Amino acid sequence: MGIESALPADMFLTTKLNNVINWSRRSSLWPMPFATACCGIELMATASSRFDLARFGAEVMRFSPRQSDLLIVAGRVSIKMMPVLQRIYQQMTEPKWVISMGACASTGGVFDTYAVVQGIDQFIPVDVYVPGCPPRPETLIEGIMAIQRIVDEDNIPRDPDGKRLPLQIAVAPTHTVREQPVPLTVGQN
Ligand code: SF4
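Only a predicted model underlies this, so the values are computations on that prediction, with no experimental measurement involved.

Peer 1: Just give me the short version of the overall build of the protein, but keep the residues and values in it.
Peer 2: The secondary structure content of the protein amounts to six helices and five strands. Listing each helix as α and each strand as β along the protein from the N terminus yields α-α-β-α-β-α-β-α-β-α-β. Looking at the 189 residues of the protein, the share that counts as buried comes to 29%. In the protein, the proportion of contacts linking residues at least 24 apart, taken out of those at least 6 apart, comes to 78%.

Spelled out as structure tokens, the structure:
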């Protein structure tokens, strides 16, 4: 990080252990992608060079729940698939977080049918809802940053029995859609 060059060699820092742990946790969220449909493409775009999720320390996608602490559900989930999602959630390490990305994961979206789960929060706790069909990468990053803020503040909500409560934060869309059609610029100065 270059911090050693900014500080004198014989200097030392003191802080609370909790602050260091929370800083480490929020700077190294490891997502478990559960991408079942088109929202998954936006999830991939978020990790690619244009949006560069690595800037927030959350680009290390793991495909093993035991190595992950951030479940990102991107796309519709069928009733048949839900036990698999629940199993993945149960196998993830604590403290763990869940993002419901897109209308389908949060509400079933346009798929108002008996075969599609009408909101994954009926079966697993959801911390952040990212709206859109699909959400833009910026909105997903906003959702990840919301979790990072909670981790930083050591603000993990629990009920009186110590059971983890879902945060249930809804991200507001921040992207303004440009008027269509946009003017052509190809070949013009
Ligand atoms: S919310 Fe829209 S983009 Fe995302 S999975 Fe559903 S239909 Fe596809």
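Peer 1: Give me the nonpolar core: which residues, what numbers.
Peer 2: Core analysis: the largest hydrophobic core is formed by 35 residues, its most contacted members being Leu70, Leu71, Ile72, Val73, Ala74, Met101 and Ile147. Elements that contribute at least two residues to this core include exactly strand 1 (31–35), helix 3 (39–47), strand 2 (70–74), strand 3 (97–101), helix 5 (102–107), strand 4 (128–130) and helix 6 (137–152). In contact with Ala74, not counting residues within four places along its chain, are Pro33, Phe34, Ala35, Cys39, Gly40, Leu43, Met101, Gly102 and Ala105.

Peer 1: So what about the packing of helix 3 against helix 6? Which residues, and what values?
Peer 2: Look at helix 3 against helix 6: their axes get within 9 Å of each other, and the N-to-C directions meet at 75°. Judged by the inter-axis angle, helix 3 sits roughly perpendicular to helix 6. Residues Glu42, Leu43, Ala45 and Thr46 of helix 3 touch helix 6, and the partners they reach there are Pro137, Leu140 and Ile141.

Peer 1: Break down the pairing of strand 2 for me, with residues and values.
Peer 2: For strand 2, the tally of buried residues reaches five of five residues, placing the bulk of the element in the interior. Alternating positions in strand 2 separate into two faces, Leu70, Ile72 and Ala74 on one and Leu71 and Val73 on the other, with burial throughout. Across five bridges, strand 1 lies against strand 2 in parallel orientation. Considered in strand 2, the bridge of Pro33 is made with Ile72. Handedness of the crossover joining strand 1 and strand 2 through helix 3 is recorded here as left-handed. Bridging between strand 2 and strand 3 involves five bridges; their strand directions are parallel. Bridge pairing in strand 3 links Ile72 to Ile99. In the classification by handedness, the crossover that spans strand 2, the intervening helix 4 (residues 82–91) and the parallel strand 3 is right-handed.

Peer 1: Go over the sheet that holds strand 2, please, and point to the residues and values.
Peer 2: Taken in spatial order, the five strands make up an open sheet running 1-2-3-4-5, and their pairing is parallel. Both edges of this open sheet fall to strand 1 and strand 5 (169–170), since each of them pairs with a single strand only. Bridge count for strand 4 against strand 5 is two bridges, and the pairing is parallel. Its bridge partner lying in strand 5, Tyr129 is registered against Ala170.

Peer 1: If you had to explain the packing of helix 2 (residues 17–26) against helix 6 to someone new, which residues and values would you point to?
Peer 2: Running from amino to carboxyl end, helix 2 crosses helix 6 at an angle of 170°, the nearest separation of the two axes being 8 Å. One element, helix 2, and the other, helix 6, form an angle in the roughly antiparallel class. In the crossing of helix 2 with helix 6, the sense of the turn from one axis to the other is right-handed. Counted together, Asn22, Arg25 and Arg26 of helix 2 and Gln148, Val151 and Asp152 of helix 6 form the full contact between these two elements. Grouping the amino acids of the contact of helix 2 with helix 6 by side-chain chemistry returns one nonpolar, two polar and three charged.

What counts and how
Residues numbered from 1 in each chain as written. Predicted model: local features only at pLDDT ≥ 70, side-chain atom pairs only at ≥ 80, totals over all residues. Helix = DSSP H or I, 4+ residues; strand = E, 2+ residues; numbered from the N terminus. Buried ≥ 20, exposed ≤ 12 C-beta atoms within 10 Å, placed from the backbone. Contact = placed C-beta atoms within 7 Å. Core = buried A, V, L, I, M, F, W, Y, C linked by C-beta atoms within 7 Å. Axes fitted to C-alpha atoms, helices over the stretch in contact; angles between N-to-C directions. Parallel < 35°, antiparallel > 145°, perpendicular 65-115°, else oblique. Pairing = 2+ DSSP bridges. Right-handed = clockwise from strand over helix to strand, strands pointing away. Left-handed = near helix turned anticlockwise from the far one by under 90°. Nonpolar A, V, L, I, M, F, W, Y, C, P; charged D, E, K, R; others polar.

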